[in-house]
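These are the residues of each chain, in order.
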Protein chains: 2
Amino acid sequence: MNKITPIEYFHKNRERMLEELKELLRIPSVSAQPFYKDDVKRCADWLINHCKKIGLIAEKRETEGNPLVLARTPGYKEAKYRYLVYGHYDVQPPEPLELWTKTKNPFSPVIADGNIYGRGTADDKAQLFMHLKAVECFLATGTPLPCGISFLFEGEEEIGSRSLETFLQKHAEDLSCDLVIISDTGMPALNCPAVTCGLRGVLALEVTLTGPNRDLHSGIHGGAVQNPAHVLCSMIAALHDQDGKVTVPGFYDEVCNLTEFEKKQFLNLPYNDEEYKKSLGVEELFGEKGYTSTERRMARPTLEVNGLTSGYQGKGGKTIIPSTASAKITCRTVPNQDAKSLQNKVCAYLEKICPKTVSIKIEKEQAGNAYLIDPAGKSVSAAIRALEKAFGCKATIMREGGSIPIVVDFKNYLKADSLLIGLSLPDDNAHSPNEKFSLECFDKGIETSIYLWNELVS
Amino acid sequence: MNKITPIEYFHKNRERMLEELKELLRIPSVSAQPFYKDDVKRCADWLINHCKKIGLIAEKRETEGNPLVLARTPGYKEAKYRYLVYGHYDVQPPEPLELWTKTKNPFSPVIADGNIYGRGTADDKAQLFMHLKAVECFLATGTPLPCGISFLFEGEEEIGSRSLETFLQKHAEDLSCDLVIISDTGMPALNCPAVTCGLRGVLALEVTLTGPNRDLHSGIHGGAVQNPAHVLCSMIAALHDQDGKVTVPGFYDEVCNLTEFEKKQFLNLPYNDEEYKKSLGVEELFGEKGYTSTERRMARPTLEVNGLTSGYQGKGGKTIIPSTASAKITCRTVPNQDAKSLQNKVCAYLEKICPKTVSIKIEKEQAGNAYLIDPAGKSVSAAIRALEKAFGCKATIMREGGSIPIVVDFKNYLKADSLLIGLSLPDDNAHSPNEKFSLECFDKGIETSIYLWNELVS
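Residues numbered from 1 in each chain as written. Chains lettered and ligands numbered in written order. Predicted model: local features only at pLDDT ≥ 70, side-chain atom pairs only at ≥ 80, totals over all residues.

## Regarding the overall build of chain A
Within chain A, the secondary structure is distributed over twelve helices and 18 strands. For a compact globule of 458 residues, the expected C-alpha radius of gyration is about 23 Å, and chain A comes in at 25 Å, within 12% of that figure. Overall, chain A is about 95 × 50 × 45 Å in size when its C-alpha atoms are taken along their principal axes. Taken across its 458 residues, chain A has 55% of its residues classed as buried. Restricting the contact set of chain A to residue pairs at least 6 apart, pairs at least 24 apart contribute 78%. (Helix = DSSP H or I, 4+ residues; strand = E, 2+ residues; numbered from the N terminus. Rg over C-alpha atoms; globule rule 2.2 N^0.38 Å. Buried ≥ 20, exposed ≤ 12 C-beta atoms within 10 Å, placed from the backbone. Contact = placed C-beta atoms within 7 Å.)

## Remarks on the pairing of strand β7 (residues 179–182) of chain A
Residue and element names in this part refer to chain A. Because side chains alternate across β7, one face comprises the buried residues Leu-179 and Ile-181, and the other comprises Val-180 and Ile-182, equally buried. In this structure, β7 lies alongside strand β17 (residues 418–420), joined through three bridges in parallel fashion. Following the sheet pairing, Ile-181 is matched in β17 by Leu-419. (Pairing = 2+ DSSP bridges.)

## What to know about the sheet that holds strand β11 (residues 302–311) of chain B
Sheet architecture is open: eight strands sit in the order β14(A)-β9(A)-β13(A)-β11(A)-β11(B)-β13(B)-β9(B)-β14(B), paired in antiparallel fashion. Single-partner strands in this sheet number two, and they are β14 (359–368) of chain A together with β14 (359–368) of chain B. Within this sheet the neighbouring strands show an average axis-to-axis angle of 20°, counted without direction. Bridging between strand β11 (residues 302–311) of chain A and β11 of chain B involves five bridges; their strand directions are antiparallel. Each residue of the ladder has a partner; that of Thr-309 of chain A, found in β11 of chain B, is Thr-309 of chain B. Strand contacts of helix α9 (residues 339–353) of chain A: β9 (201–210), β13 (324–333) and β14 of chain A, with the helix running at about 165° to β14 of chain A, the strand carrying the most contacts. (Axes fitted to C-alpha atoms, helices over the stretch in contact; angles between N-to-C directions.)

## A few points about the relation of the copies chain B and chain A
Laying chain B over chain A is done by rotating through 180° and shifting 0.1 Å along the axis; what remains is an RMSD of 0.1 Å. Accordingly, the operation relating the two chain copies is best matched by a two-fold axis. Residue Cys-233 of chain B of chain B places its C-alpha closer to the rotation axis than any other residue of that unit, at 2.1 Å. Taken as a fraction of all interface residues of chain B, those also at the interface in chain A reach 100%, which identifies the copy contact as same-surface. (Least-squares fit on C-alpha atoms with pLDDT ≥ 70 in both.)

## Quick word on the sheet that holds strand β5 (residues 115–117) of chain A
All names here are of chain A. Spatial strand order, β4-β5-β18: three strands in an open sheet with antiparallel pairing. Looking along the sheet, the strands with just one partner apiece sit at the ends: β4 (110–112) and β18 (436–438). If you compare each strand with its neighbour and ignore which way they point, the axes differ by 25° on average. As defined by bridge partners, β4 adjoins β5 across three bridges and the pair is classed as antiparallel. Note that in β5 the partner of Ala-112 across the bridge is Asn-115. Of the strands in this sheet, β5 and β18 touch helix α3 (residues 121–141), which is tilted by about 45° from β18.

## Comments concerning the packing of α3 of chain A against helix α12 (residues 439–457) of chain A
Residues and elements named next belong to chain A. Contact geometry of α3 with α12 gives a least axis separation of 8 Å together with a crossing angle of 50°. Comparing the axis directions of α3 and α12 gives the class oblique. Between α3 and α12 lies a crossing whose hand is right-handed. Of the residues in α12, those in contact with Ala-126, Gln-127, Met-130, His-131, Lys-133, Ala-134 and Cys-137 of α3 are Phe-442, Gly-445, Ile-446, Ser-449 and Ile-450. Its residues assigned to classes, the contact of α3 with α12 comprises seven nonpolar, four polar and one charged. (Parallel < 35°, antiparallel > 145°, perpendicular 65-115°, else oblique. Left-handed = near helix turned anticlockwise from the far one by under 90°. Nonpolar A, V, L, I, M, F, W, Y, C, P; charged D, E, K, R; others polar.)

## Some remarks on the interface of chain B and chain A
Quite often, the size of an interface is put as the accessible area lost when its parts meet. Between chain B and chain A, the contact holds 64 residues from the first and 64 residues from the second. Sorting the residues of the side of chain B that touches chain A by element identifies β9 (201–210), α5 (228–237), α8 (293–299), β11, β12 (320–321) and β13 (324–333) of chain B as the ones contributing at least two each. Of the residues forming the side of chain B that touches chain A, the biggest block, nine residues, is contributed by β11 of chain B. Classifying every residue of the side of chain B that touches chain A gives 21 nonpolar, 30 polar and 13 charged.

## Comments concerning the environment of Met-187 of chain A
Residues and elements named next belong to chain A. Along the chain, Met-187 falls in the loop between β7 and β8 (194–199). A count of 25 C-beta atoms within 10 Å places Met-187 in the buried class. For the pair Met-187 and Ser-424, spaced 237 residues apart in sequence, the C-alpha separation works out to 5.9 Å. Not counting chain neighbours up to four residues away, the residues in contact with Met-187 comprise Cys-192, Pro-193, Ala-194, Gly-422, Leu-423 and Leu-425.

## Quick word on the confidence of the model for chain A
With 100% of its residues at a pLDDT of 70 or more, chain A has an overall mean of 96. Here the predicted complex carries an ipTM of 0.89, next to a pTM of 0.89. (pLDDT = per-residue confidence, 0-100.)

## A closer look at helix α2 (residues 37–53) of chain A
Along an α-helix, a turn takes 3.6 residues, which lines up residues three or four apart on a common side. All names here are of chain A. Between the first and last C-alpha of α2 there are 25 Å, a value that for 17 residues agrees with the 24 Å anticipated at 1.5 Å per step. Of the residues making up α2, those classed as buried are Val-40, Cys-43, Ala-44, Leu-47 and Cys-51. Down the axis of α2, the smallest arc covering the buried residues is 95°, so these residues share one side. Exposed residues on α2 whose side chains face more than 90 degrees from its buried face are Asp-38, Asn-49 and Lys-53. On its buried face, α2 sits against β1 (57–61), β2 (68–72) and β6 (148–154). Residue Gly-55 follows α2 closely and has a positive phi angle near 105°. (Expected span 1.5 Å × (residues − 1). Arc of directions from axis to C-beta.)

## Details of helix α7 (residues 273–280) of chain B
In terms of residue burial, α7 of chain B counts as a barely covered element, since only zero of its eight residues are buried. Where α7 of chain B terminates, the next one or two residues include Gly-281 of chain B, which has phi positive at roughly 75°.

## A few points about the pairing of β9 of chain A
Residue and element names in this part refer to chain A. Burial within β9 is extensive, with eight of its ten residues counted as buried. In this structure, β9 lies alongside β13, joined through ten bridges in antiparallel fashion. Bridge pairing in β13 links Leu-203 to Cys-331.

Right, here's the structure in full:
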């Protein structure tokens, strides 16, 4: 009997693996809706059984919320190199159901047009499954793994990873590893696989101005008293200059600028301002002068108003001077910025520019730091090589403008960097109806994962 | 048998008149709520019967909405001088009921602390009733009236006087008169009766800015595209300068400035900035530089944001760049300004300062002109004399910052000025729980009305 390689094993077993993925997708593990509570648990159990079936040592770890799945290759603890694959088995709510067209039932996955459709395909079940299947290909063929691999799957990612941070804090030593591998992000296009080297952080606050102690009749009082909506608008207008730069003193002080290497790599990304404008339906893009739109989205800090509220908002009009006006504001932070101190700077500036004619109250909310793995480092280069082998084309690096707080937690508690190899495509409709995952990404993803382990240790 | 004067008759019959007023107040003629539809009609019928009872020729005039009450002194058409008393018999909804303390039932009027409490006391049943009772005092004592007096009471004032404008247009000739008398406004204090010589007009518009074609993830897109909430704030900030002046080109062009006479008279008004600040709960007043707060409230045009809406407004945060941002804006106009052309100026300016990064849509709503009766003219002087006789103190003139569109309609359709002799006090809680009317105002109001007719023709 000829020994076959992990890659060969994968191709022989692909159809069965897809059937298994469908089984996983059929479990409606919606973490946000109490209705699905038992399904979430059933999903954790399914994964544990599946991990055991393919030869991993797996256990359920209970938390105050949904259980964690922890599975390891045999001999993990003694391995010279140890990697932790993180993923999440919970999914977004499927609503609005009437907008699902490729499959009537979001939890009855179907294959069509080279994609697999269903809730949780791209985010994140198919992506975590790729790594499980890659390890199966080693174990089933008796091919030695060059490293220990553990899997940590949580069931609360879509509701803020409440239990995971506590778990990391408590079990940091037990979970120690050289690197965390995460496939829960995206790549720009099928012919452009990419490693995500940076994430922005996010800080939030809400500012409320109060003028008169009640809404006032704008006829009787209009002209005599400051309107807090006017003040709020003036203050928000003062937060940016005409070139799109944030005017908060010290806002850019700690920003780690993009290296020439990164700037050059970003040029490989298949982004096009004309197409981007069309997709957003805007005449012109706008942002901080001196940077490309890609640089601004991925590597520059921003300050955005997410919501404005004041006075009457119903149909028609109401002739009042509103008593209050408020704005929800978030900033995206970039590597080296300390989110908490930046939050303080924004608050201090708002307080400074607020006139005495109104009173100001600011509520500070979350403040999470950005993340950066060395884009020219060993781990990223290994991932690039694995992607290039699997996809047969040039791979590049990018950054993600959004925030994944758990990556910062891995750094804080496990002292481990995270390698973000996300294979979701921009049209995968994560969080939306008709969520899908490309079968080509699924195939190449498994191959990437098979190649990855040897590249990482080489 | 000695003939008695109208004033003597009033004092003899005051208690009975108060009982009649209570009867009128017990009818819950709430025009805004369909539940009270029959009561509104019953109220019109009650007034018609009452008018007939005191010797007027009265008839119900049906409209598409609630009926009008039209009543006249005998021989009205042949009278040399003819005056039209306008009032409204509909009232505001009584809610929130739990806040009524002086009477548990807003439609069970009670007398306490020298006031009569109940929905519709100040606004406007007691005030219209004063004029009816004054005329009764003439008719019952056989005292000749120096003029013809007609009464026009509508049942839709609190819902926009929908039917009255049509009625005025259709029956202008039949309704023709030398002057309209209205008691539906206020006076500053018991020892400061005042004739309201001017009203501000009001124009309204709603501006909506659209940026991207959907709310965008502020992580993925933040930095690349203009946020319409930022643009809206910058545009609104640009509508006023630091001195509180509106910056819309031509905004003040047609303003009829206050005469020295008016400015001097305004100094008689018992307004005090310190007390005013306290009542509004603000540290500082604010408004157009170069004018007192009274002048700004009564005789200067304003531009106020009445409502701001953009993005996420619920609890907590949502990290989006909103697709749209909108503001409801009204301007108070003053005498000589053409509201429609001012509305156009504001819209044109907003369109001019809107950048290309967002699209702008403006909906124009109402545009009503201000009103001014000659403050030094014959009618106002006559009213001042009547007030001074009745109240036994100096009366003055003032303006009202709010708008009463029907006054402009009287001018347009009947070519008649309106004399506004409002006796409601600032603490009468019109439109609020515990609405009341001072019995002293009721008494002096009837006396004022008795004196008024001879003063007007003298």
